[in-house]
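# Working through the structure, step by step
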Amino acid sequence: MLYSPSSILTYKQCPRKFYYQYVERLPTKKSFALVRGSIVHSVIESFFKIDIEKVSHQNYELIFRTLVFDLFKQNWLKNIDQIQELVPQQDLQDFYYSETAQMLQNWYTSFIKKLQDKIISMSFKEAFKSLTPLTETRIIADEIKVQGIIDAILKTEKGIQLLDYKTSKKEEIDEEYKLQLAIYALLYKLKFNEMPYEVGIHFLKSKEKFMPVDDSLLDFAKLEINFVQEKTQTTEIKEYNKKPSPLCKWSNGECDFYKICRPFN
Ligand code: SF4
């Protein structure tokens, strides 16, 4: 079995949830958060495929803004059946549409600011290319049996920067995100034999936050990966404890396995 940041975090959140999802392989439900995440990722990935040679320095802001929001509308419509199923209330759907547009507006504003800072010392096209990351890169590290998909890998003057895009409400790199980023840094180091300079999250509701990469961060990832892999060698359900928490059930949702798990009975 190849582990992923997501499966490792699932074990840390609740071993029984890991058992249902990755040992028994029970189906999980689609959520609006997942659909929205994939729309936003797809817009950003497609944005960087623009042929920059055909864009003029004179009107690039208009072209880029139009492109971002055209891509957003296309991707939203492509997923409209799922969105309607997951969010049947039209007013809530409209709210999510505007909220997602605002996230992309935040991303666009931050990108334009970086581009303008670069244009001071290089040409517009060089500046765009220097800010174009490798997107959605899958890295498999067979030696530790872990794979992950890194949203954006950017070469900067200071070194390699790894970035993950998040549409969640959180605005800080908590322990869960720290572990996810540490695993990405470790995967990158194993694959390319180069330590990234920093890892970070672009919280699309607010802004980017970064943390430096050093040996202690990579050791933290190795320790947690080993811990989860050791604990998950068995297929005995009794070895996977339930860890009841507010993530079992909340105001408008519940864990995918809530009904079979019955954590509070
Ligand atoms: S309902 Fe709660 S305790 Fe049960 S698997 Fe889900 S998160 Fe774990």
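Given the structure is predicted, the values throughout are model-derived calculations rather than measurements. (Residues numbered from 1 in each chain as written. Predicted model: local features only at pLDDT ≥ 70, side-chain atom pairs only at ≥ 80, totals over all residues. Heavy atoms only, no water.)

## What about the site of the ligand?
Our working rule: Residues are counted as near a molecule or strand when any one of their heavy atoms sits within 4 Å of it. Gly falls in the polar group here, along with every residue not listed as nonpolar (Ala, Val, Leu, Ile, Met, Phe, Trp, Tyr, Cys, Pro) or charged (Asp, Glu, Lys, Arg).
Around the ligand sit C14, K17, K242, K243, C248, C255, Y258, C261 and P263, and those are all the residues in its vicinity. Here the shell around the ligand is built from residues that sort into six nonpolar, no polar and three charged.

## Considering the side chain of K166
Stated formally: Secondary structure elements follow DSSP: runs of H or I no shorter than four residues count as helices, runs of E no shorter than two count as strands, and numbering proceeds from the N terminus. The buried label applies to any residue whose accessible area, calculated with a 1.4 Å probe on protein chains only, is under 20% of its type's maximum; exposed applies above 50%, and partly exposed to all values in between. We define a polar contact as two N or O atoms separated by no more than 3.5 Å, with the added condition that, inside protein, one atom must be a possible hydrogen donor and the other a possible acceptor, whereas residues neighbouring each other in sequence contribute only through side-chain atom pairs. When checking whether two residues touch, look at their non-hydrogen atoms; a contact exists if any pair is within 4.5 Å.
With respect to the helices, strands and loops of the structure, K166 is situated in strand β3 (residues 159–166). Note on K166: relative accessible area 13%, which makes it buried. Of note is the side chain of K166, whose polar atom sits 2.9 Å from the side chain of Q180. Here K166 is in contact with Y177, Q180, I201, H202, F203 and L204, once residues within four sequence places are set aside.

## Considerations on the confidence of the model for the chain
Here is the rule: Each residue carries a pLDDT value, the predictor's own confidence for that position, ranging from 0 to 100.
Averaged over all residues, the pLDDT of the chain is 95; the fraction at 70 or higher stands at 100%. Ranking the helices and strands of the chain by mean pLDDT puts helix α9 (residues 215–231) first, with 98, and strand β7 (residues 253–254) last, with 88.

## Side note on the packing of aromatic side chains
Two aromatic rings are characterised by how far apart their centres lie and by the angle between their planes. Applicable threshold: Only Phe, Tyr and Trp rings are paired, with Trp represented by its six-membered ring, and only when their centres lie within 6.5 Å; those with planes under 30 degrees apart are stacked, over 60 edge-to-face, the remainder tilted.
Tallying each qualifying case throughout the model produces 32 aromatic pairs. With 5.7 Å between their ring centres and 80° between their planes, Y11 and F18 make a pair best called edge-to-face. In terms of burial, Y11 and F18 fall into one category: buried. Taken together, a centroid distance of 5.8 Å and an interplanar angle of 90° make the contact between F48 and W107 edge-to-face. With F48 in the loop between α3 (32–47) and α4 (60–78) and W107 in helix α6 (residues 90–119), this pair connects stretches of sequence that are 59 residues apart.

## Re the nonpolar core
Worth spelling out the cut-off: Among buried residues, the Ala, Val, Leu, Ile, Met, Phe, Trp, Tyr and Cys ones that are joined through side-chain atoms within 4.5 Å form a nonpolar core.
The biggest cluster of nonpolar side chains holds 43 residues, and the ones touching the most others in it are I8, V146, L162, I183 and V199. Counting residues per element, this core draws most heavily on helix α8 (residues 175–192), at ten residues.

## What to know about the domain arrangement of the chain
Just so we agree on the cut-off: Segmentation into domains, and thus their bounds, comes from an automatic or database assignment. For any pair of parts, buried area is found by adding up, for both, the accessible area (1.4 Å probe) each one loses once the two are put together. For this document, the term salt bridge refers to a Lys or Arg side-chain nitrogen within 4 Å of an Asp or Glu carboxyl oxygen.
Taken domain by domain, the chain holds domain 1 (5–30 + 133–261) and domain 2 (32–130). At the interface, 16 residues of domain 1 touch 20 residues of domain 2. Contact with domain 2 buries surface across domain 1, with K30, T167 and L204 losing the most and accounting together for 39% of the total. Inspection of the domain 1/domain 2 interface yields three salt bridges. Linking K118 and E157 is a salt bridge whose minimum nitrogen-to-oxygen distance equals 2.8 Å.

## Remarks on the environment of K242
Checked against the element boundaries, K242 lands in the loop between α9 and β6 (249–250). When the C-alpha atoms of K242 and I140 are compared, they prove to be 30 Å apart, with 102 residues separating the residues in sequence. Once residues within four sequence positions are removed from consideration, K242 is found in contact with C14, R16, C261, R262 and P263. In this structure the side chain of K242 is engaged in a polar contact, spanning 2.7 Å, whose partner is the backbone oxygen of C261.

## Topic: unusual backbone geometry
The backbone phi angle of K145 is positive, close to 55°, even though this residue is not glycine. With respect to the helices and strands, the residue K145 is situated in the loop between β1 (134–141) and β2 (146–156).

## Focus: the sheet that holds β1
Where we set the bar: What makes two strands pair is DSSP finding at least two bridges between them. As a rule, the C-alpha atoms of each element are fitted with a line to give its axis, helices using only the stretch in contact, and angles between N-to-C directions run from 0 to 180 degrees.
With respect to topology, five strands assemble into an open sheet ordered β1-β2-β3-β4-β5, the strand pairing being mixed. The two strands at the open ends of the sheet, each matched to only one other strand, are β1 and β5 (208–212). In this sheet, neighbouring strand axes are inclined to one another by 35° on average, regardless of whether the strands run parallel or antiparallel. Of the pairings in the sheet, the one linking β1 to β2 comprises seven bridges and is antiparallel in character. If you follow I139 over to β2, its bridge partner there is G148.

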